[in-house]
Amino acid sequence: MPRPAGADAAAGVTAVAHPNIALVKYWGKRDEGLILPWTDSLSMTLDVFPTTTRVRLDGAAGRDEVTLGGVPATGEAARRVTAFLELVRERAGSTRRAVVDSRNTVPTGAGLASSASGFAALAVAAAAAYGLELDATGLSRLARRGSGSASRSVFGGFAVWHAGPAGATGAAADAGSYAEPVPAAGLDPALVVAVLDAGPKTVSSREAMRRTVDTSPLYRPWADSSRADLADMRAALERGDLEAVGEIAERNALGMHATMLAARPAVRYLSPATVTVLDGVLQLRREGIAAYATMDAGPNVKVLCRRADARRVAAALAETVPSARVLVAGPAPVPGCWTRRTGPADDRPGRGGRRPHGGTPGTGQAVRRGRVRRGGRGQPGDPGRRRPLHHRHGHRHTRQPRRIRRLQRLRRAGEFRAPGGLDPLTTDHSPASSPRPPPPPPLPLPLPLPLPTSPSPATSPPPHRLALAQRPPGPPRARRRRAGAGRARACRGGRGDSGGAAGRTGPAGTGVGGRGEQRAARGGRKYGLGSSGAVTVAAVDAVAAFCGVELSAGERYRLAMLACARIDPKGSG
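Just so you know, these numbers come straight off a predicted model, no measurement behind them.

Structural notes on helix α7 (residues 219-239)
For an α-helix the count is 3.6 residues per turn, leaving residues at separations of three or four pointing the same way.
Thought 1: Across its 21 residues, α7 extends 30 Å between first and last C-alpha, which sits within 8% of the 30 Å expected from 1.5 Å per residue.
Thought 2: Residues of α7 that are buried: Tyr219, Trp222, Ala223, Ser226, Asp229, Leu230, Met233, Ala236 and Leu237. Projected onto a plane normal to the axis of α7, the buried residues spread over an arc of 140° and lie on a single side. Opposite the buried face of α7, by more than 90 degrees, sit the exposed residues Asp224, Glu238 and Arg239.
Thought 3: If you follow the buried residues of α7, they end up packed against β2 (20-24), β5 (41-45), β10 (158-161), β11 (179-182), α6 (205-215) and α8 (242-261).
Thought 4: Two residues or fewer past α7, Gly240 is found with a positive phi of approximately 70°.

Spelled out as structure tokens, the structure:
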């Protein structure tokens, strides 16, 4: 990686990397020292769970200082980071110690590629801090020495990790094992992650690999079939066939777990909740949704699907296992890592110029979701002056849309929204928070009313008079007095039992606002029809009374809804 112009030795470098999920797995190493796998593998880098690592050189320190998540690292974690820094110092010809501060949002040890994002970020930051001039391929080789899957996290989108020549050893074997991006034409994928257990695994991945390779009779056949799976996967990506990609990923993952179950003693990461989620994925496919499961070394399940189906898949998984944490991820931007150089007095998050690996020294180019923007450090020859990145610092460009600014705030805070407007879906996926169900079918029309048998209209009393004459006995006097006060307020536009608009604007001679119609208005509000619906209910009651028909509450509701739809389809009814 080129070193920015004018950067002093005490400057710190911050790198951000994302985890990746292997669709064609690597399981088992043929060389533990160089971390060389038996088979090639292919993965998709995600845009969630970023790892942010800052490396600062300290010439006065007697040893490396490593902090993970704000806590000093100890034991195996500190040993692995220190060994990796020794490798970087050996290549850079330096003896200066480093201060490393890494913050990982991936649940560590839960089979979600926490080591991939962690060592990818450490490789990019340490290489820049020690002045190593490495391209993307060199960074991938370097990250591999920390964790094999980290070689793929250097890149965004889909990446393939080459195992290297089978008979090569030493420097030749090291040079032949690296990752590179893989094009995917026309794919719009999403990965729904169901976190069933975020705790540490009972058997580490390294121990499980050794045990499987040494004792499982199914490992060699699976390794041979995995090479064929990789060739099929690359062909499916080239033609943009998501169904074929999902089928290959699912069979490859289940085969890997079968090799672990056949080990002596067996390594079992699958839990009852895992099997339940797998059954749910099968049910989604029966319903016509292209959803395919994959799993790493752990109980958690990742489901590959189309972006348009991601919400439905996430809701189905959350309903299947209510205790699971479900989130939606998409492919990470390209490149998968980028750096930010900060000085001793300027190491707050979000400050300083960003530039991708392999960028031009001193230009301050920044890659954010595949776009290149200029900012950060000044041009070559003026390393001290900062050029603004955002409009609030004097940028002449227009203000970013609110959606883009919110995504930037989420990225700085470590919370991500998948591209295309997909929510992370990390909190509540209960049925109550699921998308609203489709509206119910329309109510059936009531049976036709019988013909009236009352006297002719010429001799019949007006409908409202008949309704008033046939109303049931009213409440006691005290209740009538209180109700009358409410009706009076309603007719004046107050907060009475019925709508004030009906009392004020009712046409003359219809009795709207009278006691019987006020009572009918209260019935209309009970059905949720609003003030205009109250008038309709009163009219329905009057017509029914005129025809001598007794209506139940359900029949009144159907007739009122039908009348509102015919007379005033835009009203509150």
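As for the sheet that holds β10
Thought 1: Strand order in the open sheet made by the four strands is β2-β5-β10-β11, with antiparallel pairing throughout. Of all strands in the sheet, those bounded by a partner on one side alone are β2 and β11. Each strand axis lies, on average, 35° off the axis of its neighbour in the sheet, ignoring direction.
Thought 2: Pairing of β2 with β5, which is carried by four bridges, proceeds in the antiparallel orientation. Across the sheet, Ile21 pairs through a bridge with Met44, a residue of β5.

A word on the pattern of salt bridges
Thought 1: This structure, assessed with the given rule, holds 22 salt bridges.
Thought 2: The closest approach of N and O atoms between Arg103 and Asp101, which form a salt bridge, is 4.0 Å.
Thought 3: Among the ionic pairs, Arg312 bridges to Glu287, the shortest N-O distance being 3.6 Å. One end of the pair, Arg312, is in helix α10 (residues 310-320); the other, Glu287, is in the loop between α9 (272-286) and β13 (291-294), and 25 residues separate them in sequence.
Thought 4: Three or more residues are tied together by salt bridges with common partners; here these are Glu32, Glu207, Arg210 and Arg211.

Some remarks on the side chain of Ser140
Thought 1: Of note, Ser140 is situated in helix α3 (residues 136-144).
Thought 2: Within polar-contact distance, the side chain of Ser140 engages the backbone oxygen of Ser151 at 3.0 Å.
Thought 3: Every residue in contact with Ser140, bar those within four places of it in the chain, is listed here: Ser151, Val154, Phe155, Tyr178 and Ala179.

What about the nonpolar core?
Thought 1: Grouped together as the largest cluster of nonpolar side chains are 52 residues, with contacts concentrated most on Trp27, Leu122 and Leu142.
Thought 2: Per-element tally for this core: the top contributor is helix α2 (residues 114-129), with 11 residues.
Thought 3: Residues in contact with Trp27, not counting those within four places in the same chain, are Ser205, Ala208, Met209, Thr212, Val213, Tyr219, Trp222, Met256, Thr259, Met260 and Ala297.
Thought 4: Counting 28 residues, the second largest nonpolar core, distinct from the first, contains Leu42, Phe158, Ile248 and Ala329.

Let's talk about the sheet that holds strand β12 (residues 189-195)
Thought 1: Reading across the sheet, the four strands line up as β13-β14-β12-β15 and stay open at both edges, with antiparallel pairing between neighbours. What marks the edges here is a single partner per strand, and that holds for β13 and β15 (325-329). Pairs of neighbouring strands in the sheet enclose a mean axial angle of 25°, with direction left out of account.
Thought 2: Pairing geometry for β12 and strand β14 (residues 301-306), over six bridges, is antiparallel. Looking across to β14, one finds that Ala190 is bridged to Cys305.
Thought 3: Sitting on the sheet, α9 is in contact with β13 and β14, with an inclination near 155° to β13.
Thought 4: Running at roughly 15° to β12, α10 makes contact with β12, β13, β14 and β15 of the sheet.

Focus: the packing of aromatic side chains
Thought 1: Summed over all chains, the structure comprises three aromatic pairs.
Thought 2: Here Phe84 and Phe119 contribute two aromatic rings whose centre-to-centre distance is 5.8 Å and whose plane-to-plane angle is 65°, an arrangement assigned as edge-to-face. Taken together, the residues Phe84 in helix α1 (residues 75-92) and Phe119 in helix α2 connect sequence positions 35 residues apart.
Thought 3: According to the relative accessible area criterion, Phe84 is buried, its value standing at 3%.

Some thoughts on the confidence of the model for the protein
Thought 1: With 61% of its residues at a pLDDT of 70 or more, the protein has an overall mean of 74.
Thought 2: Ranking the elements of the protein by mean pLDDT puts strand β18 (residues 365-368) last with 30 and β13 first with 98.
Thought 3: Residue range residues 414-461 is modelled with pLDDT below 50. Its contacts to residues more than four positions away, or to other chains, number 67 contacts.
Thought 4: Every residue in residues 487-529 is under pLDDT 50, and counting partners more than four places away or in other chains gives 68 contacts.

Describing the environment of Glu207
Thought 1: Note on placement: Glu207 falls in helix α6.
Thought 2: Among the residues examined, Glu207 registers a relative accessible area of 34% and is labelled partly exposed.
Thought 3: When the C-alpha positions of Glu207 and Val267 are compared, they lie 9.6 Å apart, and in sequence the two are 60 residues distant.

Cut-off values and rules
Residues numbered from 1 in each chain as written. Predicted model: local features only at pLDDT ≥ 70, side-chain atom pairs only at ≥ 80, totals over all residues. Heavy atoms only, no water. Helix = DSSP H or I, 4+ residues; strand = E, 2+ residues; numbered from the N terminus. Expected span 1.5 Å × (residues − 1). Buried < 20%, exposed > 50% of the residue type's maximum accessible area, 1.4 Å probe, protein only. Arc of directions from axis to C-beta. Contact = heavy atoms within 4.5 Å. Pairing = 2+ DSSP bridges. Axes fitted to C-alpha atoms, helices over the stretch in contact; angles between N-to-C directions. Salt bridge = Lys/Arg side-chain N within 4 Å of Asp/Glu carboxyl O. Polar contact = N/O pair within 3.5 Å; in protein donor to acceptor, adjacent residues only side chain to side chain. Core = buried A, V, L, I, M, F, W, Y, C linked by side-chain atoms within 4.5 Å. Phe/Tyr/Trp six-rings, centres within 6.5 Å; stacked < 30°, edge-to-face > 60°. pLDDT = per-residue confidence, 0-100.

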